[in-house]
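Tertiary structure, described
What follows is the residue order along each chain.
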Amino acid sequence: MIVECISVGTEILLGDILNTNVQYLSRLCATLGFDVFHTSVVGDNDARLKAELALATSRADLVILTGGLGSTNDDITKRVVIDFLGQGTEVSAYNKETIDGWFDTEKARHDNEIVYTFPKGAKVLENHVGTASGAWVPFSIDGKEGHIVILPGPPKEMIPMVENALMPILLEKTEGITKSLEVRIGVLGEYQVNDILKEEIANGTNPTIAPYVKDDGAMIRITAKAAYERTADRMILDAMQVVDAKLHPYIVAMGHESRSEVLVRLLADHNEKVSTAESITGGLVASTIIDAAGASAVLEQSFVVYSDRAKHKVLTVSKDRIREHTAVSEAVCRSMLKGLYNRTGSELCLATTGYAGPTGEDVGHVFIGVMYDGERMVYEHHLHGSRNAIRNRAKNLAIDYAIMTLKRQHDMK
């Protein structure tokens, strides 16, 4: 089944609110095996919404509209749908009773008449959180049959309505299932991942393998569509084996587990501690570790040693070494690791130093240090982007190298 989503509201076009509804609905449709080929946002304008409805119903079997179900002048969705379909209206006794209970005067009840009025033949999707219920409405236009769904805009109303009232209807329409697995890749960028898996990406139709990049780094999404869940799971597993064969050392997380959750779990499983000494990242590495539940059991200490003086005072990095090599160097990063270990005794020690900019010829020159099991490793990178983009990327690299080191060493034991 082909689905199209239309979000209604000028406030979305103005950027006043984030349109999370379409993300939620698109994910839901993918899970149910429905195809979403188009989504759109329309302001509070009758003519433009009617034109968008005409286009959507011509190419989709199910058109889902969110927003604009209230009774004010800018709540146009239900009025436009009624006018567009031209099949008459009927009153929902449940919603009329709700409105009668909310308002004391007949004028107020009359002004909210649209809230309990629906296109004829609609199945009302009751709203038990607010006043504006949704509807499942059949249509037949120029010989093409399908359905229009209208839902409230606020997610706190829309999501319960979808899960409690709409989902049973959608489950009757599904002819298969779509499942995805997210595989997070450490250190490598999207281009590098794409280059390594270029044949699998180009030739994959079902399942598909697609690289993405998010704030915390690169990832691959493996997506399979099948008649049964167990079949989709098997297809994903087969594709995952191909990915693992080419990228095993770089795989840092899978599924819903975040990078920080993986790091905390690996440390907790071996009763180990981590400490950080951060210059360029200014505490971002420690903060990211703390994002994961259970971090208190593994995070020992964290130091922000931004100045040369702090590196010497807190980590005993010699002044001569800093003068000779500069603070942004492999030698100083190694000394930071040694000083951090001597101070904390943590099994895993992480250090970062570099130039974040925004000016200077060395902007983006970064060193990431990892000490584990007595071995010190320092990785040099030349990063690009804004000051904070470089700092965030350096933080990501530190977390990635930490996970990769732990997995490699734990596998060898």
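Described in the following lines is the structure provided in the data block. From a predicted model like this one, the values you see are computed outputs, not experimental measurements.

1. Thoughts on the pattern of salt bridges
By the definition in use, this model includes 16 salt bridges. Its salt-bridge partner being Glu-182, residue Arg-184 comes within 3.0 Å of it at the nearest N-O pair. With a shortest N-O distance of 3.4 Å, Asp-216 and Arg-259 are connected by a salt bridge. Of this pair, Asp-216 sits in the loop between strand E10 (208-214) and strand E11 (217-226) while Arg-259 sits in helix H11 (residues 259-269); the two residues are 43 residues apart in sequence, bridging distant segments of the chain. Residue Arg-259 is classed as buried on the basis of its relative accessible area of 5%. One salt-bridge network, held together by shared partners, links Glu-182, Arg-184, Lys-214 and Arg-221.

2. Regarding the state of the cysteines
Per the stated rule, a full pass over the model turns up zero disulfides. For Cys-349, which is in no disulfide, the shortest distance to another cysteine sulfur is to Cys-333 and amounts to 11 Å.

3. Let's talk about the packing of aromatic side chains
Counted under the stated rule, the structure contains one aromatic pair. An angle of 5° between the planes, with centres 3.7 Å apart, marks the rings of Tyr-379 and Tyr-401 as stacked. Of the two residues, Tyr-379 is situated in strand E17 (residues 375-382) and Tyr-401 in helix H16 (residues 387-412); the sequence distance between them amounts to 22 residues. On the basis of relative accessibility, which here comes to 9%, the residue Tyr-401 falls in the buried class. Residue placement shows Arg-230 over the ring face of Tyr-228; its charged tip is 5.0 Å from the ring centre.

4. So, the environment of Arg-79
Along the polypeptide, Arg-79 turns up in helix H4 (residues 77-85). A residue is classified by how much of its surface remains accessible, and Arg-79, at 32% relative accessible area, is partly exposed.

5. Observations concerning the layout of surface pockets
Considered as a void within the structure, the largest pocket measures approximately 590 Å³ in volume. If you list the elements that add at least two residues to the lining of the largest pocket, you get helix H2 (20-32), strand E9 (177-185), E10 and E11. In terms of residue count, E9 provides more of the lining of the largest pocket than any other element does, six residues in total. Residue composition of the lining of the largest pocket, by class: five nonpolar, seven polar and six charged. Taken as a whole, the second largest pocket spans an internal volume of roughly 430 Å³. Along its surface, the second largest pocket is lined by 31 residues, and Gly-67, Gly-68, Asp-75, Gly-153 and Pro-154 are the ones closest to its centre. Those elements that provide at least two residues to the lining of the second largest pocket are strand E1 (2-8), helix H1 (10-13), H2, helix H5 (93-102) and helix H7 (155-173).

6. Thoughts on the sheet that holds strand E15 (residues 348-354)
Spatial ordering of the open sheet is given by E14-E13-E15-E16-E17, a layout of five strands whose pairing is mixed. The strands lining the two open edges of the sheet, one partner per strand, are strand E14 (299-304) and E17. Averaged over all pairs of adjacent strands, the angle between strand axes in this sheet comes to 10°, irrespective of strand direction. Summarising the sheet, E15 and strand E16 (residues 365-372) pair through seven bridges and their orientation is antiparallel. Bridging across to E16, Thr-352 finds its partner in Ile-368. Packing against the sheet, helix H15 (residues 330-344) makes contact with strand E13 (274-278), E14, E15, E16 and E17, and its axis sits at approximately 145° to E15.

7. So, H2
It helps to recall that an α-helix has 3.6 residues per turn; residues three or four apart then point in one direction. Between its terminal C-alpha atoms H2 stretches 19 Å, which fits the 18 Å expected from 13 residues at 1.5 Å a residue. When we look at burial in H2, the residues that qualify are Asn-21, Val-22, Leu-25, Leu-28, Cys-29 and Leu-32. One face of H2 carries all of its buried residues, which in axial projection span an arc of 130°. In the core, the buried residues of H2 are packed alongside E1, strand E2 (35-42), strand E3 (62-66), strand E8 (144-151), H7 and E9.

Quick notes on the rules
Residues numbered from 1 in each chain as written. Predicted model: local features only at pLDDT ≥ 70, side-chain atom pairs only at ≥ 80, totals over all residues. Heavy atoms only, no water. Salt bridge = Lys/Arg side-chain N within 4 Å of Asp/Glu carboxyl O. Helix = DSSP H or I, 4+ residues; strand = E, 2+ residues; numbered from the N terminus. Buried < 20%, exposed > 50% of the residue type's maximum accessible area, 1.4 Å probe, protein only. Disulfide = S-S within 2.5 Å. Phe/Tyr/Trp six-rings, centres within 6.5 Å; stacked < 30°, edge-to-face > 60°. Lys NZ or Arg CZ within 6 Å of the ring centre and 35° of its normal. 1 Å grid on protein atoms, 1.4 Å probe; cavity = no way out; pocket = protein on both sides within 12 Å on 5 of 7 lines; lining within 4 Å. Points joined across faces, edges and corners; volume = space filled by probe spheres on them. Nonpolar A, V, L, I, M, F, W, Y, C, P; charged D, E, K, R; others polar. Pairing = 2+ DSSP bridges. Axes fitted to C-alpha atoms, helices over the stretch in contact; angles between N-to-C directions. Contact = heavy atoms within 4.5 Å. Expected span 1.5 Å × (residues − 1). Arc of directions from axis to C-beta.

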